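Structural description and commentary
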Amino acid sequence: MIRRLAALLVAALFLGLAGTGPAQAAGYRYWSFWDRDGDRWVYATEGPSTARPADGAVQGFRFAVSEDSQDASRPRGASSFEAICARTPARDGMKRVALVVDFGTPADAPSGETPPPARTTCARVRQDATTAEALASTSKPLRYDPNALLCAIAGYPESGCGDQVTTTDKETEQPASKPSASSADENGGPSVGVYAGGALIAALAAAAVWQARRRRNV
């Protein structure tokens, strides 16, 4: 009985250690969408196809590999409405929206592709235009997937859309399939499986001690 418990203890310990290994998921390669609020970028609360910026707004797009909105890379470069739209005069019945498009770094680029230099444009569009329409007026061609996810701006990247990558994939630049489970919870801490493994180890250890004492007392 003790040997059986010991074997289970070793197996549980192995599973627990396996669960605490380094996570393979690195995130998704996609275009993130941002609003400029004063002197900082804020992750947009809605997509560009539904957002309707006001005249004088500054909005940004950044292509990168990110785990989630908290980890997402912000647009770089000039972000002042006055600087971006200085050469685009106002017009009655129209609004101006400053757009910052950051194509990201070579490290985040899909295999075989090179990100273009970041650009800023001033879109002058009708008053009820969405951000997607403003972007289309200055940075064609745009590419979307069947679910209306923005896949490419100005033709970059040429292929792929929100592909998930792992740490290994970032080194080899190959997309990976979505995993069935994660080794960390939403807050970046250990998964429930790790805690469960620890509890199982403690329970088995206690059972082994109890069994040994019982055999001595018989």
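Provided above is the structure to which this section pertains.
Quick look at the structure, then. The shown structure was predicted, so the numbers you read here are calculated from the model rather than taken from an experiment. (Residues numbered from 1 in each chain as written. Predicted model: local features only at pLDDT ≥ 70, side-chain atom pairs only at ≥ 80, totals over all residues. Heavy atoms only, no water.)

**A few points about the side chain of Gln 59**
The residue Gln 59 is located in strand S3 (residues 58–66) in this model. One polar contact links Gln 59 to Thr 131, side chain to side chain, over a distance of 2.6 Å. Non-local contacts of Gln 59, meaning those with residues more than four positions away in its chain, are made with Phe 33, Trp 34, Asp 35, Trp 41, Pro 53, Val 97, Ala 98, Leu 99, Val 100 and Thr 131. (Helix = DSSP H or I, 4+ residues; strand = E, 2+ residues; numbered from the N terminus. Polar contact = N/O pair within 3.5 Å; in protein donor to acceptor, adjacent residues only side chain to side chain. Contact = heavy atoms within 4.5 Å.)

**Points about the pairing of S3**
Burial analysis of S3 places 9 of its 9 residues in the buried class, the great majority of the element. The side-chain alternation of S3 yields two buried faces, one formed by Val 58, Gly 60, Arg 62, Ala 64 and Ser 66 and the other by Gln 59, Phe 61, Phe 63 and Val 65. One ladder, built from 5 bridges, connects S3 with strand S4 (residues 94–102); its direction is parallel. Its bridge partner being in S4, Gln 59 is matched across the sheet by Leu 99. (Buried < 20%, exposed > 50% of the residue type's maximum accessible area, 1.4 Å probe, protein only. Pairing = 2+ DSSP bridges.)

**Remarks on the environment of Thr 50**
Take Thr 50: it is sitting in the loop between strand S2 (40–43) and S3. Judged by its relative accessible area of 44%, Thr 50 falls in the partly exposed class. Put simply, Thr 50 and Thr 130 are 80 residues apart on the chain and 6.1 Å apart in space, counted from C-alpha to C-alpha.

**So, the nonpolar core**
Judged by nonpolar contacts, the single largest core of 19 residues is most densely connected at Trp 31, Phe 61, Leu 99, Leu 135 and Ile 153. Of all the secondary structure elements, the ones that give two or more residues to this core are strand S1 (25–37), S3, S4, strand S5 (119–126) and helix H3 (131–136). Top element by residues in this core is S4. It accounts for 3 residues. Apart from the residues lying within four places of it in its own chain, the contact partners of Trp 31 are Phe 61, Arg 62, Phe 63, Val 101, Asp 102, Phe 103, Leu 150, Cys 151, Ala 152, Ile 153, Tyr 156 and Pro 157. (Core = buried A, V, L, I, M, F, W, Y, C linked by side-chain atoms within 4.5 Å.)

**Section: the packing of aromatic side chains**
Going through the model one piece at a time under the given rule, you end up with 6 aromatic pairs. An angle of 75° between the planes, with centres 5.4 Å apart, marks the rings of Phe 63 and Tyr 156 as edge-to-face. Linking Phe 63 in strand S3 with Tyr 156 in the loop between strand S7 (150–152) and strand S8 (163–166), this pair joins segments that are 93 residues apart in sequence. Per residue, the accessibility class of Phe 63 equals that of Tyr 156, and both read buried. By way of ring pairs, the aromatic residues Trp 31, Phe 63, Phe 103 and Tyr 156 are connected into one cluster. (Phe/Tyr/Trp six-rings, centres within 6.5 Å; stacked < 30°, edge-to-face > 60°.)

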